[in-house]
Amino acid sequence: QVQLVESGGGLVQAGGSLRLSCAASGRTFSSYTMGWFRQAPGKEREFVAAVSWSGSRTYYADFVKGRFTISRDNAKNTEYLQMNSLKPEDTAVYYCAADPRSIATVQAMGVRGYEYWGQGTQVTVSS
């Protein structure tokens, strides 16, 4: 029972930063596991980061550790992905995802483990 809308994508130079936002509607948002995925041209959709309903547990793909930070503000029904030190290989469509199950459960299933998805926002990093 949640709808997701991503925003904040755009064109940046290598080394720059962007903050993606995912606005959620639904009264049960605070109890949902939230995640970010991305899909580059010619590649499969891949996991980027996830955060538990309380914000106490996070997971990151190895290729973004130390550069990206996932967070959520349940009072605002919003999930964020702070993206620093961007690289050209980060270019992709970024998707917000949500699921009512625990983060451990949905992470075990990967891209197939999330019930709700946003429409995606384009991130392009130039060199």
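For the structure, check the block above.
First things first, this report covers the structure right here in the doc. Quick caveat: nothing in here was measured; it's all calculated off a predicted structure.

**Points about the side chain of Arg67**
Step number 1: Structurally, Arg67 is set in the loop between strand E6 (58-60) and strand E7 (68-73).
Step number 2: In terms of polar contacts, Arg67 uses its side chain to reach the backbone carbonyl oxygen of Phe63, at 2.8 Å.
Step number 3: With residues up to four places along the chain from it excluded, the contact list for Arg67 reads Gln82, Met83, Asn84, Ser85, Leu86, Lys87 and Asp90.

**A few points about the sheet that holds strand E3 (residues 18-25)**
Step number 1: The sheet built from 4 strands is open, its strands ordered E1-E3-E8-E7 with antiparallel pairing. Whereas interior strands pair on both sides, the edge strands pair on one side only; in this sheet they are strand E1 (3-7) and E7. Going across the sheet, the axis of each strand differs from the next one's by a mean of 15°, ignoring polarity.
Step number 2: As judged from the 6 bridges shared by E3 and strand E8 (residues 78-83), these two strands associate in the antiparallel manner. Considered in E8, the bridge of Ala23 is made with Thr78.

**Remarks on the environment of Gln1**
Step number 1: Summarising the element assignment, Gln1 is placed in the segment before E1.
Step number 2: Through-space distance from the C-alpha of Gln1 to that of Leu81 is 22 Å; in sequence the pair is 80 residues apart.

**Description of the pairing of E8**
Looking along a regular strand, one sees side chains alternate from face to face of the sheet.
Step number 1: Within E8, 5 of the 6 residues are buried, which leaves the element mostly enclosed by the surrounding structure.
Step number 2: Hairpin connection, E7 to E8: the antiparallel pair is bridged by 4 residues, and Asn77 has positive phi, about 55°.

**Remarks on the side chain of Asp90**
Step number 1: Mapping Asp90 onto the fold places it in the loop between E8 and strand E9 (92-99).
Step number 2: Side-chain polar atoms of Asp90 contact the backbone nitrogen of Lys87, separated by 2.8 Å.

**A short note on the packing of aromatic side chains**
Step number 1: Enumeration over the complete set of coordinates arrives at 5 aromatic pairs.
Step number 2: When the ring of Phe37 is compared with that of Phe47, the centres are 5.7 Å apart and the planes differ by 75°; the resulting orientation is edge-to-face. With Phe37 in strand E4 (residues 33-39) and Phe47 in strand E5 (residues 46-51), the pair connects residues that are 10 residues apart, well separated along the chain.
Step number 3: Here Phe37 falls in the buried class, since its relative accessible area comes to 1%.
Step number 4: Plain terms: the ring middles of Tyr114 and Trp117 are 6.2 Å apart, the flat faces sit at 70° to each other, and that makes the pair edge-to-face.
Step number 5: In this structure Tyr114 comes out as buried when scored by relative accessible area, which is 5%.
Step number 6: The partly exposed category is assigned to Trp117, whose relative accessible area is 27%.
Step number 7: The structure contains a cluster of three or more aromatic residues connected by ring pairs, namely Phe37, Phe47, Tyr114 and Trp117.
Step number 8: Stacked on the ring of Tyr95, the Lys or Arg Arg45 has its end atom at 3.7 Å from the ring centre.
Step number 9: The lysine or arginine in question, Arg45, covers the ring of Trp117, its NZ or CZ lying 5.1 Å from the ring centre.

Rules and cut-offs
- Residues numbered from 1 in each chain as written.
- Predicted model: local features only at pLDDT ≥ 70, side-chain atom pairs only at ≥ 80, totals over all residues.
- Heavy atoms only, no water.
- Helix = DSSP H or I, 4+ residues; strand = E, 2+ residues; numbered from the N terminus.
- Polar contact = N/O pair within 3.5 Å; in protein donor to acceptor, adjacent residues only side chain to side chain.
- Contact = heavy atoms within 4.5 Å.
- Pairing = 2+ DSSP bridges.
- Axes fitted to C-alpha atoms, helices over the stretch in contact; angles between N-to-C directions.
- Buried < 20%, exposed > 50% of the residue type's maximum accessible area, 1.4 Å probe, protein only.
- Phe/Tyr/Trp six-rings, centres within 6.5 Å; stacked < 30°, edge-to-face > 60°.
- Lys NZ or Arg CZ within 6 Å of the ring centre and 35° of its normal.

Don't take any of this as a statement about function, it's just geometry.
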